[in-house]
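So you can see what is in the structure, the chains are spelled out below.
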Amino acid sequence: MQYFTFLGMGKDGKYNDLLTSFKEEELSLKTPFVQEAIYKKHKSQINEVCIFLTPKARELTYPVFKERFSEWPVTIIDISDNCSFEEFIPLLIENIRDEKIIVDVTHCFRSIPIRLLMAMTYAEQMKNTKIDHIYYGQMFSDPRQKVVIEDIIKDYQLQKVSVYLSEFNDTLAISSSNWEIAAEQNKEIKRFLKAMTDFNRMIELCEFANAVKCVTNIVRQAKNIRNKPDQYTLLVPMVNKIIDKLEKCTEGSLRHQKAELIRLLLKHRKYQIAATFTDQFFREELIGKLVLKRGIASFEELMDEYPFLRHYEDSFAYKFSQYLMNCELAMDGSNKKDNSGVEQKFNRLFDRGLFNQQDIDQLYNRFDVEADREAVNNFFKNYRNKLNHGQSIQDSKGLEEIIYKVLDITESL
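Residues numbered from 1 in each chain as written. Predicted model: local features only at pLDDT ≥ 70, side-chain atom pairs only at ≥ 80, totals over all residues. Heavy atoms only, no water.

*Asks:* What should I look at first to understand the packing of aromatic side chains in this one?
*Replies:* Under the defined criterion, the tally for this structure stands at 16 aromatic pairs. Between Phe33 and Phe65 the ring centres are 5.2 Å apart and the planes differ by 90°, which places this aromatic pair in the edge-to-face class. Here Phe33, found in the loop between β3 (28–31) and α1 (34–41), pairs with Phe65, found in helix α3 (residues 62–68); they are 32 residues apart in sequence, far enough to count as distant. Each member of the pair Phe33 and Phe65 is classed as buried. Ring geometry for Tyr39 against Trp72: centres 4.1 Å apart, planes inclined by 20°, an arrangement best described as stacked. (Phe/Tyr/Trp six-rings, centres within 6.5 Å; stacked < 30°, edge-to-face > 60°. Helix = DSSP H or I, 4+ residues; strand = E, 2+ residues; numbered from the N terminus. Buried < 20%, exposed > 50% of the residue type's maximum accessible area, 1.4 Å probe, protein only.)

This is how it looks when you write it as structure tokens:
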């Protein structure tokens, strides 16, 4: 494991002996260099000490350091007195060779601490390395001068988590595959980020019902984080934003949750998946409407009530809803088509008393409003079918408007 550290110029060109200890540890060491305490703590793991030195530090403080720790495996990395971020990043990345590293920012230069944190995040991604510890030694003068070394790795990891949360809040996605590293030591954070990536996966797979369940899980995990403000101070503001954004998708019936999820996707301009879910939502509700008199409130409940439907055909929902739209509801605006041949395919459903002609006629009358029939037909013919076949849709505003319209129609079934 490599240990990266900095040497500055000290006070009047030197560092004085100070009692040095780790936070929450009683054992202390009298030394002018915090590096000594850190090295002793991890001596069995460290194979190289990489020291960033400016020309002035090399002249003033490094000679004493070198004499005191002559047996250490030291590598010097020269940086300028006014080291820029652009200069620093390549040097850091160039010198990282191990899968795990320790970084000590105690004597880091005034202009570098924030830059260093940014550089470390970048380096982890570029070099596929993991930062195990980030140490900072803080000086205290009361009752006597001493240095207390604190490992700020948790704050660093939370800072990275906050970036992931901000990204999800903006895009409903986490693009980085490195989120597990940031959550490695914290099960609550890991569950929270995993809920988000599970949601992303369900979106990619077009798993509508499971995507809704994932949203509920995200909100649940977010509230667990929010309930511990002392532990997650850095995260709570963004966590609250995510809860506010998603909570509507967890309220009310499953039907309401699905509609709200589609509206959320539209707000984030995820038109293709919004259109796919709207297609699925309309078909499910169309079928579900026929069995509401049996107290079944959703397509999922229909499948649970009559398990044989799951084995009827892999594409039962699509084919039966297509039959209803084309043959019984005449969504294209024509008169009811001759369905004598098609209906034979679903005789088993009628024989079991799941549906009857009166049910279908009532559903047909629901679409007696010409504007609604035209909207549904327009959605499937001019937008959904084009998306299915990879055709370009220039009018995104028109797509958004028609999806909202079909959503309203579906909810009023």
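The structure having been displayed, the exposition proceeds.
*Asks:* What is the right way to look at the packing of helix α12 (residues 271–289) against helix α19 (residues 396–411) in this model?
*Replies:* Pairs of packed helices are described in terms of their axes, by the angle between the two and the distance that separates them. Orientation of α12 relative to α19, taken along the N-to-C sense of each, is 25°, at an axis distance of 10 Å. Taken as axis vectors, α12 and α19 run roughly parallel relative to one another. Both α12 and α19 take part in a crossing whose hand is left-handed. Across the interface between the two elements, Tyr271, Ala274, Ala275, Thr278, Phe281, Phe282 and Glu285 of α12 pack against Ser396, Leu399, Glu400, Ile403, Val406, Leu407, Thr410 and Glu411 of α19. (Axes fitted to C-alpha atoms, helices over the stretch in contact; angles between N-to-C directions. Parallel < 35°, antiparallel > 145°, perpendicular 65-115°, else oblique. Left-handed = near helix turned anticlockwise from the far one by under 90°. Contact = heavy atoms within 4.5 Å.)

*Asks:* Can you walk me through the nonpolar core in this structure?
*Replies:* Across soluble globular proteins, you tend to see nonpolar side chains buried next to one another. Counting residues in hydrophobic clusters, the biggest one holds 70 residues, and the most contacted among them are Leu165, Phe199 and Leu261. When residues no more than four places from it in sequence are discounted, the contact partners of Leu261 are Phe199, Phe208, Ala211, Val212, Val215, Cys249 and Phe277. Ile77, Cys83, Ile89 and Ile131 belong to the second largest nonpolar core, which has 25 residues in total. (Core = buried A, V, L, I, M, F, W, Y, C linked by side-chain atoms within 4.5 Å.)

*Asks:* How should I be thinking about the side chain of Thr5 in this particular structure?
*Replies:* Topologically, Thr5 is positioned in strand β1 (residues 2–7). What makes Thr5 buried here is its relative accessible area of 0%. A polar contact is formed between the side chain of Thr5 and the side chain of Asp104, at a distance of 2.7 Å. (Polar contact = N/O pair within 3.5 Å; in protein donor to acceptor, adjacent residues only side chain to side chain.)

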